[in-house]
Amino acid sequence: MPEASASVPTSASASVEETDDVPVPTDFSDVKGWFHPADQVLFDWFLSRQLDLGEPGDLLELGAYLGKSAIFMGAYLRPDETFTVCDLFDSPAPDASNSKEMGRSYATLTRRAFEANYRSFHDELPQVVQAPSAGITAHVAGRSCRFVHIDASHLYEHVHADIAAARELLTPDGIVVLDDFRAEHCPGVAAATWGAVATTGLKPLCITATKFYGTWGRYEAVHGELGRLLKGRDDMWHGAEQVAGHPMIRISGRKARTPAHPRSRHAGAPPAHRAPEGTRRPRGRGLAALLPSRRR
(Lines give C-alpha, C1' and ligand atoms only; values in the text may rest on other atoms or scores of the structure.)
Protein backbone atom coordinates (compact mmCIF):
# COMPACT_ATOMS: atom_id res chain seq x y z
CA MET A 1 0.00 0.00 0.00
CA PRO A 2 1.39 3.45 -0.85
CA GLU A 3 2.53 5.41 2.18
CA ALA A 4 1.07 8.71 3.31
CA SER A 5 3.03 11.93 3.24
CA ALA A 6 6.10 11.80 5.44
CA SER A 7 5.16 15.19 6.90
CA VAL A 8 2.15 13.64 8.62
CA PRO A 9 2.81 10.61 10.88
CA THR A 10 0.49 7.73 10.00
CA SER A 11 1.90 4.80 11.96
CA ALA A 12 -0.77 2.78 13.69
CA SER A 13 1.11 3.09 16.97
CA ALA A 14 2.34 6.68 16.59
CA SER A 15 0.60 9.83 17.76
CA VAL A 16 1.09 13.44 16.71
CA GLU A 17 1.36 14.46 20.36
CA GLU A 18 0.84 12.94 23.76
CA THR A 19 -2.81 12.91 24.76
CA ASP A 20 -2.52 12.91 28.55
CA ASP A 21 -4.19 16.32 28.81
CA VAL A 22 -7.07 15.43 26.47
CA PRO A 23 -10.34 14.23 28.10
CA VAL A 24 -10.96 10.56 27.41
CA PRO A 25 -14.36 8.84 27.07
CA THR A 26 -15.41 6.27 29.65
CA ASP A 27 -18.19 4.98 27.42
CA PHE A 28 -19.00 4.93 23.69
CA SER A 29 -21.84 7.36 24.36
CA ASP A 30 -19.29 9.90 25.65
CA VAL A 31 -17.75 10.29 22.19
CA LYS A 32 -19.30 13.31 20.49
CA GLY A 33 -20.73 12.78 17.04
CA TRP A 34 -23.79 11.79 15.03
CA PHE A 35 -24.13 8.05 14.65
CA HIS A 36 -27.76 7.04 15.04
CA PRO A 37 -28.98 3.64 16.31
CA ALA A 38 -30.34 2.50 12.92
CA ASP A 39 -26.97 3.15 11.30
CA GLN A 40 -25.16 1.32 14.07
CA VAL A 41 -27.38 -1.68 13.34
CA LEU A 42 -26.62 -1.46 9.61
CA PHE A 43 -22.86 -0.94 10.05
CA ASP A 44 -22.84 -3.99 12.31
CA TRP A 45 -24.85 -6.05 9.82
CA PHE A 46 -22.88 -5.14 6.68
CA LEU A 47 -19.47 -5.49 8.35
CA SER A 48 -20.41 -8.72 10.16
CA ARG A 49 -21.77 -10.17 6.92
CA GLN A 50 -18.46 -9.48 5.22
CA LEU A 51 -16.65 -11.27 8.03
CA ASP A 52 -19.08 -14.20 7.93
CA LEU A 53 -18.61 -14.59 4.16
CA GLY A 54 -14.86 -14.19 4.37
CA GLU A 55 -14.92 -11.21 2.03
CA PRO A 56 -11.40 -9.73 2.00
CA GLY A 57 -10.60 -6.04 2.08
CA ASP A 58 -9.63 -3.05 4.17
CA LEU A 59 -11.78 -0.35 5.77
CA LEU A 60 -11.78 3.36 4.90
CA GLU A 61 -13.42 6.41 6.42
CA LEU A 62 -13.30 9.84 4.79
CA GLY A 63 -14.10 12.42 7.45
CA ALA A 64 -13.76 11.28 11.05
CA TYR A 65 -14.76 14.22 13.29
CA LEU A 66 -13.98 12.91 16.80
CA GLY A 67 -14.01 9.24 15.87
CA LYS A 68 -17.42 7.86 16.87
CA SER A 69 -18.08 5.81 13.73
CA ALA A 70 -14.36 5.04 13.33
CA ILE A 71 -14.25 3.52 16.82
CA PHE A 72 -17.26 1.38 15.89
CA MET A 73 -15.77 0.29 12.54
CA GLY A 74 -12.44 -0.58 14.13
CA ALA A 75 -14.03 -3.52 15.96
CA TYR A 76 -14.61 -5.30 12.62
CA LEU A 77 -11.01 -5.20 11.41
CA ARG A 78 -9.18 -8.47 10.84
CA PRO A 79 -5.52 -8.67 12.01
CA ASP A 80 -4.19 -8.63 8.43
CA GLU A 81 -6.32 -5.67 7.30
CA THR A 82 -5.76 -1.91 7.32
CA PHE A 83 -8.18 0.72 8.53
CA THR A 84 -7.47 4.13 6.96
CA VAL A 85 -9.00 7.35 8.28
CA CYS A 86 -8.66 10.54 6.22
CA ASP A 87 -9.46 13.94 7.70
CA LEU A 88 -8.04 17.46 7.66
CA PHE A 89 -8.33 17.63 11.45
CA ASP A 90 -6.60 20.92 12.31
CA SER A 91 -4.81 21.33 8.96
CA PRO A 92 -5.76 24.26 6.70
CA ALA A 93 -8.50 23.60 4.16
CA PRO A 94 -7.45 23.48 0.47
CA ASP A 95 -9.90 26.15 -0.74
CA ALA A 96 -11.93 29.08 0.57
CA SER A 97 -15.34 27.38 0.47
CA ASN A 98 -14.10 24.32 2.34
CA SER A 99 -12.31 26.54 4.85
CA LYS A 100 -15.54 28.43 5.51
CA GLU A 101 -17.40 25.14 6.02
CA MET A 102 -14.79 23.87 8.47
CA GLY A 103 -14.72 27.13 10.40
CA ARG A 104 -18.49 27.02 10.83
CA SER A 105 -18.83 23.37 11.83
CA TYR A 106 -15.52 21.99 13.08
CA ALA A 107 -13.66 24.86 14.74
CA THR A 108 -12.74 22.72 17.76
CA LEU A 109 -11.73 19.61 15.84
CA THR A 110 -8.20 18.33 16.46
CA ARG A 111 -6.33 15.17 15.63
CA ARG A 112 -5.23 14.80 19.23
CA ALA A 113 -8.86 14.52 20.37
CA PHE A 114 -9.59 11.91 17.70
CA GLU A 115 -6.57 9.85 18.72
CA ALA A 116 -7.40 10.07 22.43
CA ASN A 117 -10.92 8.87 21.72
CA TYR A 118 -9.87 6.04 19.42
CA ARG A 119 -7.14 4.80 21.75
CA SER A 120 -9.64 4.63 24.58
CA PHE A 121 -11.30 1.72 22.73
CA HIS A 122 -8.55 0.16 20.59
CA ASP A 123 -4.90 -0.72 21.19
CA GLU A 124 -3.67 0.71 17.89
CA LEU A 125 -4.58 3.76 15.86
CA PRO A 126 -5.77 3.38 12.28
CA GLN A 127 -3.65 4.55 9.39
CA VAL A 128 -4.23 8.31 9.58
CA VAL A 129 -4.04 10.46 6.46
CA GLN A 130 -4.21 14.10 7.57
CA ALA A 131 -4.98 15.66 4.21
CA PRO A 132 -7.88 16.54 1.89
CA SER A 133 -9.91 13.48 0.92
CA ALA A 134 -9.36 14.35 -2.75
CA GLY A 135 -5.91 12.75 -2.53
CA ILE A 136 -6.93 9.51 -0.83
CA THR A 137 -6.18 7.37 -3.89
CA ALA A 138 -2.50 8.21 -3.43
CA HIS A 139 -2.58 6.51 -0.02
CA VAL A 140 -4.93 3.54 -0.50
CA ALA A 141 -4.54 0.88 -3.17
CA GLY A 142 -7.24 0.45 -5.78
CA ARG A 143 -9.88 -2.26 -5.19
CA SER A 144 -8.54 -2.87 -1.68
CA CYS A 145 -11.46 -1.75 0.51
CA ARG A 146 -14.59 -3.75 1.36
CA PHE A 147 -16.32 -0.90 3.20
CA VAL A 148 -16.01 2.88 2.68
CA HIS A 149 -17.77 5.48 4.85
CA ILE A 150 -17.88 9.00 3.36
CA ASP A 151 -18.56 11.83 5.80
CA ALA A 152 -16.09 14.53 4.78
CA SER A 153 -16.89 17.82 3.04
CA HIS A 154 -20.56 18.42 2.20
CA LEU A 155 -19.75 20.49 -0.88
CA TYR A 156 -20.86 18.95 -4.18
CA GLU A 157 -17.50 18.95 -5.93
CA HIS A 158 -15.79 17.30 -2.96
CA VAL A 159 -18.48 14.64 -2.45
CA HIS A 160 -18.50 13.92 -6.19
CA ALA A 161 -14.73 13.31 -6.00
CA ASP A 162 -15.06 11.20 -2.85
CA ILE A 163 -17.63 8.95 -4.53
CA ALA A 164 -15.37 8.55 -7.57
CA ALA A 165 -12.50 7.62 -5.23
CA ALA A 166 -14.68 5.11 -3.39
CA ARG A 167 -15.59 3.44 -6.67
CA GLU A 168 -11.91 3.10 -7.50
CA LEU A 169 -10.91 1.82 -4.05
CA LEU A 170 -13.75 -0.61 -3.31
CA THR A 171 -13.54 -4.33 -3.98
CA PRO A 172 -16.00 -5.55 -6.64
CA ASP A 173 -18.78 -6.18 -4.09
CA GLY A 174 -17.75 -3.55 -1.54
CA ILE A 175 -20.18 -1.26 0.27
CA VAL A 176 -20.15 2.54 0.23
CA VAL A 177 -21.99 4.63 2.83
CA LEU A 178 -22.67 8.36 2.41
CA ASP A 179 -23.65 10.56 5.33
CA ASP A 180 -26.02 13.56 5.24
CA PHE A 181 -27.30 12.67 1.77
CA ARG A 182 -30.72 14.15 2.52
CA ALA A 183 -30.06 16.96 5.04
CA GLU A 184 -31.43 20.35 4.04
CA HIS A 185 -28.10 22.04 4.78
CA CYS A 186 -26.18 19.60 2.55
CA PRO A 187 -27.76 19.76 -0.94
CA GLY A 188 -24.37 19.04 -2.49
CA VAL A 189 -24.27 15.60 -0.89
CA ALA A 190 -27.73 14.75 -2.24
CA ALA A 191 -26.82 15.94 -5.73
CA ALA A 192 -23.59 13.95 -5.79
CA THR A 193 -25.19 10.81 -4.33
CA TRP A 194 -28.17 10.58 -6.67
CA GLY A 195 -26.01 11.71 -9.57
CA ALA A 196 -23.79 8.70 -8.96
CA VAL A 197 -26.87 6.43 -8.88
CA ALA A 198 -28.07 7.89 -12.18
CA THR A 199 -24.76 7.87 -14.06
CA THR A 200 -22.20 5.47 -12.54
CA GLY A 201 -24.16 2.29 -11.84
CA LEU A 202 -24.19 2.80 -8.08
CA LYS A 203 -27.05 0.63 -6.80
CA PRO A 204 -29.01 1.95 -3.80
CA LEU A 205 -29.43 -0.79 -1.21
CA CYS A 206 -31.09 1.21 1.56
CA ILE A 207 -31.38 4.62 3.19
CA THR A 208 -31.92 5.80 6.76
CA ALA A 209 -32.68 9.28 8.05
CA THR A 210 -29.04 10.27 7.58
CA LYS A 211 -27.15 7.71 5.48
CA PHE A 212 -27.22 6.12 2.03
CA TYR A 213 -25.91 2.56 1.53
CA GLY A 214 -25.00 1.27 -1.91
CA THR A 215 -22.78 -0.94 -4.02
CA TRP A 216 -21.40 -1.12 -7.53
CA GLY A 217 -21.26 -4.89 -7.16
CA ARG A 218 -23.75 -7.74 -6.82
CA TYR A 219 -27.06 -6.48 -5.49
CA GLU A 220 -29.68 -9.20 -5.17
CA ALA A 221 -28.10 -11.40 -2.48
CA VAL A 222 -27.19 -8.63 -0.05
CA HIS A 223 -30.50 -6.82 -0.66
CA GLY A 224 -32.49 -9.99 -0.02
CA GLU A 225 -30.62 -10.82 3.18
CA LEU A 226 -31.03 -7.26 4.44
CA GLY A 227 -34.76 -7.44 3.79
CA ARG A 228 -35.03 -10.65 5.79
CA LEU A 229 -33.09 -9.10 8.66
CA LEU A 230 -35.43 -6.12 8.81
CA LYS A 231 -38.53 -8.28 8.52
CA GLY A 232 -37.42 -10.12 11.65
CA ARG A 233 -36.97 -6.97 13.75
CA ASP A 234 -39.76 -5.19 15.58
CA ASP A 235 -37.74 -2.04 16.32
CA MET A 236 -37.12 -0.78 12.76
CA TRP A 237 -39.80 0.14 10.21
CA HIS A 238 -38.92 -0.49 6.57
CA GLY A 239 -40.49 -0.21 3.15
CA ALA A 240 -39.31 -0.59 -0.45
CA GLU A 241 -39.36 1.87 -3.32
CA GLN A 242 -38.11 1.45 -6.88
CA VAL A 243 -35.15 3.76 -7.50
CA ALA A 244 -33.19 3.58 -10.75
CA GLY A 245 -34.54 0.09 -11.37
CA HIS A 246 -33.75 -1.27 -7.91
CA PRO A 247 -36.06 -1.91 -4.92
CA MET A 248 -34.26 0.34 -2.46
CA ILE A 249 -35.21 -0.17 1.21
CA ARG A 250 -36.29 2.84 3.27
CA ILE A 251 -35.59 2.43 6.99
CA SER A 252 -36.83 4.27 10.06
CA GLY A 253 -35.14 3.18 13.26
CA ARG A 254 -35.31 5.85 15.92
CA LYS A 255 -35.99 3.16 18.51
CA ALA A 256 -33.59 0.62 17.05
CA ARG A 257 -31.83 -1.61 19.54
CA THR A 258 -28.14 -0.97 19.04
CA PRO A 259 -25.54 -3.73 18.76
CA ALA A 260 -22.74 -4.03 21.29
CA HIS A 261 -20.36 -1.09 21.51
CA PRO A 262 -16.61 -1.26 21.90
CA ARG A 263 -15.73 -0.86 25.56
CA SER A 264 -13.55 2.00 26.76
CA ARG A 265 -10.46 0.98 28.64
CA HIS A 266 -11.42 3.74 31.12
CA ALA A 267 -14.80 2.24 31.96
CA GLY A 268 -15.93 0.03 34.80
CA ALA A 269 -18.70 -1.51 32.68
CA PRO A 270 -21.62 -1.04 35.13
CA PRO A 271 -24.40 -3.65 34.82
CA ALA A 272 -26.90 -0.99 33.68
CA HIS A 273 -25.06 -0.80 30.38
CA ARG A 274 -25.25 -4.49 29.57
CA ALA A 275 -27.25 -5.45 26.47
CA PRO A 276 -30.21 -7.82 26.57
CA GLU A 277 -29.85 -11.54 25.90
CA GLY A 278 -29.25 -12.33 22.25
CA THR A 279 -27.69 -8.99 21.25
CA ARG A 280 -25.15 -9.55 18.50
CA ARG A 281 -21.60 -8.49 19.21
CA PRO A 282 -19.25 -7.27 16.47
CA ARG A 283 -16.18 -9.37 15.87
CA GLY A 284 -12.74 -8.16 14.97
CA ARG A 285 -9.18 -7.64 16.12
CA GLY A 286 -8.79 -7.78 19.88
CA LEU A 287 -12.53 -7.68 20.43
CA ALA A 288 -12.54 -10.07 23.38
CA ALA A 289 -10.53 -7.49 25.30
CA LEU A 290 -12.77 -4.65 24.19
CA LEU A 291 -16.25 -6.00 24.86
CA PRO A 292 -17.67 -7.60 28.00
CA SER A 293 -20.34 -10.23 27.42
CA ARG A 294 -23.63 -8.78 26.17
CA ARG A 295 -22.44 -5.22 26.61
CA ARG A 296 -24.34 -2.57 24.66
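See the structure above.
What comes next is a walk through the structure. (Residues numbered from 1 in each chain as written. Predicted model: local features only at pLDDT ≥ 70, side-chain atom pairs only at ≥ 80, totals over all residues. Heavy atoms only, no water.)

1. Re the overall build of the protein chain
We apply this condition: Only DSSP runs of H or I reaching four residues or more are called helices, and only runs of E reaching two or more are called strands; each is numbered from the N terminus. Residue burial is assigned from relative accessible area. The probe radius is 1.4 Å, only protein chains are included, and a residue is buried under 20% of its type maximum, exposed over 50%, and partly exposed in between. Two residues form a contact once any of their heavy atoms are found within 4.5 Å.
When helices and strands are counted, the protein chain shows 8 helices and 9 strands. Expressed as a percentage of its 296 residues, the buried residues of the protein chain come to 54%. The long-range share in the protein chain, meaning contacts at least 24 apart out of those at least 6 apart in sequence, stands at 72%.

2. Looking at the pattern of salt bridges
Our working rule: By convention in these notes, a salt bridge is any Lys or Arg side-chain nitrogen within 4 Å of a carboxyl oxygen on Asp or Glu.
Following the criterion strictly, the structure yields 12 salt bridges and no others. When the shortest N-O distance is used, the salt bridge between Asp123 and Arg265 registers 3.2 Å. Of this pair, Asp123 sits in the loop between helix H4 (111-119) and strand E3 (127-129) while Arg265 sits in the loop between strand E9 (246-252) and helix H8 (287-290), and the two are 142 residues apart along the sequence. Note on Asp123: relative accessible area 65%, which makes it exposed. Arg218 is the partner of Asp173 in a salt bridge, and the nearest nitrogen-oxygen pair spans 2.7 Å. Taken together, the residues Asp173 in strand E5 (residues 170-179) and Arg218 in the loop between strand E7 (211-215) and helix H7 (220-231) connect sequence positions 45 residues apart.

3. Observations regarding the packing of helix H1 (residues 37-53) against H7
In helix packing, the relevant descriptors are the interaxial angle and the interaxial distance, both defined with respect to the helix axes. Keep this limit in mind: Convention adopted: a line fitted to C-alpha atoms gives each axis, helices being fitted over their contacting stretch, and angles between N-to-C directions are expressed from 0 to 180 degrees. An angle below 35 degrees is read as roughly parallel, one above 145 as roughly antiparallel, one from 65 to 115 as roughly perpendicular, and any other as oblique. Throughout, a crossing is termed right-handed when the near helix is turned clockwise from the far one, and left-handed when it is turned anticlockwise from it by less than a right angle. Gly is placed with the polar residues, together with every amino acid not listed as nonpolar (Ala, Val, Leu, Ile, Met, Phe, Trp, Tyr, Cys and Pro) or charged (Asp, Glu, Lys and Arg).
Here H1 crosses H7 at 130 degrees, and the two axes come no closer than 12 Å. Our classification of the angle between H1 and H7 gives oblique. Along this stretch, H1 crosses H7, giving a crossing that reads as right-handed. In this structure, H1 contributes Leu42, Trp45, Phe46 and Arg49 to the contact, and H7 contributes Ala221, Val222, Glu225, Leu226 and Leu229. The class makeup of the residues in the contact of H1 with H7 is 7 nonpolar, no polar and 2 charged.

4. Points about the pairing of E5
For clarity, the threshold we go by: At least two bridges found by DSSP between two strands are what make those strands a pair. If the strands point away from the viewer and the path from the first strand over the helix to the second runs clockwise, then the crossover is right-handed.
Counting buried positions along E5 gives 8 out of 10 residues, so the element sits mostly inside the fold. Relative to E5, strand E4 (residues 145-150) runs parallel, the two being bridged by 5 bridges. Bridging from a neighbouring strand, His149 pairs with Val177 of E5. Each parallel crossover has a hand, and the one from E4 via helix H5 (residues 156-169) to E5 is right-handed. As paired strands, E5 and E7 are joined by 5 bridges and run antiparallel to one another. If you follow Val177 over to E7, its bridge partner there is Tyr213.

5. Here we look at the sheet that holds strand E2 (residues 83-86)
Spatial strand order, E3-E2-E1-E4-E5-E7-E6-E9-E8: 9 strands in an open sheet with mixed pairing. Only two strands of the sheet have a single neighbouring strand rather than two, namely E3 and strand E8 (237-243). The mean angle between the axes of side-by-side strands here comes to 20 degrees, regardless of whether they run parallel or antiparallel. Both strand E6 (residues 203-207) and E7 contribute to a ladder of 4 bridges, which runs antiparallel. Looking across to E7, one finds that Lys203 is bridged to Thr215. Set on the sheet, H1 makes contact with strand E1 (58-62), E4, E5, E6, E7 and E9; between it and E4 the angle comes to about 165 degrees.

6. Remarks on H7
Quick note on the threshold: In this scheme, a helix's expected span is set at 1.5 Å multiplied by one less than its residue total. An arc is given here, and it is the one of the directions from the helix axis to the C-beta atoms.
Under the 1.5 Å per step criterion, the end-to-end length of H7 is 16 Å for 12 residues, consistent within 8% with the ideal 16 Å. Those residues of H7 that sit buried are Val222, His223, Leu226 and Leu230. Projected down its long axis, H7 carries its buried residues within an arc of 100 degrees, all on one side. The exposed set on the far side of H7, more than 90 degrees from its buried face, consists of Glu220, Arg228 and Lys231.

7. Concerning the nonpolar core
For the record, the criterion: The nonpolar core is taken to be a set of buried Ala, Val, Leu, Ile, Met, Phe, Trp, Tyr and Cys residues, with the residues joined through side-chain atoms within 4.5 Å.
If you look at the biggest cluster of nonpolar residues, it comprises 42 residues, and the most contacted ones within it are Phe43, Phe46, Phe83, Phe114, Phe147, Cys206 and Leu226. Every element with two or more residues in this core is listed here: H1, helix H2 (68-74), E2, H4, E5, E6, H7 and E9. It is H1 that contributes the most residues to this core, 8 residues altogether. Grouped together as the second largest cluster of nonpolar side chains are 32 residues, Ile136, Val189, Trp216 and Val243 included.

8. Quick look at the environment of Asp123
Short version of the rule: Any pair of N or O atoms that falls within 3.5 Å is considered a polar contact. Within protein, one atom must be able to donate a hydrogen and the other to accept it, and sequence-neighbouring residues count only if both atoms are side-chain atoms.
For Asp123 and Arg265, which are 142 residues apart along the polypeptide, the C-alpha to C-alpha distance reads 9.5 Å. Side chain to side chain, Asp123 and Arg265 meet in a polar contact 3.2 Å long.

9. Quick notes on the packing of H5 against helix H6 (residues 187-199)
Where H5 meets H6, the closest approach of the two axes is 8 Å, and the angle between their N-to-C directions is 35 degrees. For the crossing formed where H5 meets H6, the hand is right-handed. Listed contacts from H6 to Tyr156, Val159, His160 and Ile163 of H5 are Gly188, Val189, Ala191, Ala192, Thr193 and Ala196. Its residues assigned to classes, the contact of H5 with H6 comprises 7 nonpolar, 3 polar and no charged.

10. Some words on the side chain of Asn117
Summarising the element assignment, Asn117 is placed in helix H4. Setting aside residues up to four positions removed in sequence, Asn117 forms contacts with Pro23, Pro25, Val31, Leu66 and Ile71.

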